[in-house]
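# Residue-level structure breakdown
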Amino acid sequence: TFRNEMSNIVNNEKIFEIGKGDIRLILRNIHHNPIGDQIGKCNEDGRPTDWRSVTVVDGYNEVIKKVVAESNNSRVEYLDTQFITFPASRAKS
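Everything numeric in this text was worked out from a predicted model, so none of it was measured. The residue count restarts for each chain, going from 1 along the sequence in the order it is written. Given that this is a predicted model, residues contribute local features only at a pLDDT of at least 70 and side-chain atom pairs are listed and counted only at 80 or more, while totals for whole chains, interfaces and linings are drawn from all residues. Based on all heavy atoms of the structure, the side-chain values leave hydrogens and waters out of the count.

### Observations concerning the packing of helix 1 (residues 2-10) against helix 3 (residues 54-71)
Lines fitted to the C-alpha atoms define the axes, with helices restricted to the stretch that makes contact. Angles between their N-to-C directions range from 0 to 180 degrees. Put simply, DSSP H or I for four residues or longer makes a helix, DSSP E for two residues or longer makes a strand, and each gets a number counted from the N terminus. Two elements in contact, helix 1 and helix 3, have axes whose closest approach is 10 Å; the angle formed by their N-to-C orientations is 35°. Remark: the crossing between helix 1 and helix 3 carries right-handed chirality. From helix 1, Phe2, Arg3, Met6, Ser7 and Val10 reach across to helix 3, where they touch Tyr60, Val63, Ile64, Lys66, Val67, Glu70 and Ser71. Amino acids outside the nonpolar list (Ala, Val, Leu, Ile, Met, Phe, Trp, Tyr, Cys, Pro) and the charged list (Asp, Glu, Lys, Arg) are all regarded as polar, and Gly is one of them. Taken together, the residues that form the contact of helix 1 with helix 3 break down as seven nonpolar, two polar and three charged. By definition, any crossing whose near helix is turned counterclockwise from its far helix by less than a right angle is left-handed, and any crossing with a clockwise turn is right-handed. We call two residues contacting when some pair of their heavy atoms lies within 4.5 Å.

Structure representation (structure tokens):
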């Protein structure tokens, strides 16, 4: 799952051994996309047909945020850039 993959990355000590061992890992949120016909479409059962829909992207961002917090690792940070990109995602393409 996406959560397991992100946890594996954050907890992989080999990442922090690269170079002189002063590596910091910064994970940022996934940016929203303008809601057009393709991204905003849902199946008959109400599920999004495109993973870039706002609801799905929000779910991925929550997973990233939680994985970083749960890692309890001072070398791992979460960078929230949503304040820059979120208003643009509401524009119709």
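Further notes follow.
### Let's talk about the pairing of strand 1 (residues 25-28)
Relative accessibility decides the category of a residue: with a 1.4 Å probe and only protein chains considered, values under 20% of the type maximum give buried, values over 50% give exposed, and everything between is partly exposed. By the alternation rule, side chains of strand 1 split into Leu25 and Leu27, which are all buried, and Ile26 and Arg28, of which none is buried. In this scheme, strands are said to pair when DSSP sees at least two bridges between them. Across four bridges, strand 1 lies against strand 2 (residues 76-79) in parallel orientation. What sits directly across from isoleucine 26, in strand 2, is glutamate 77.

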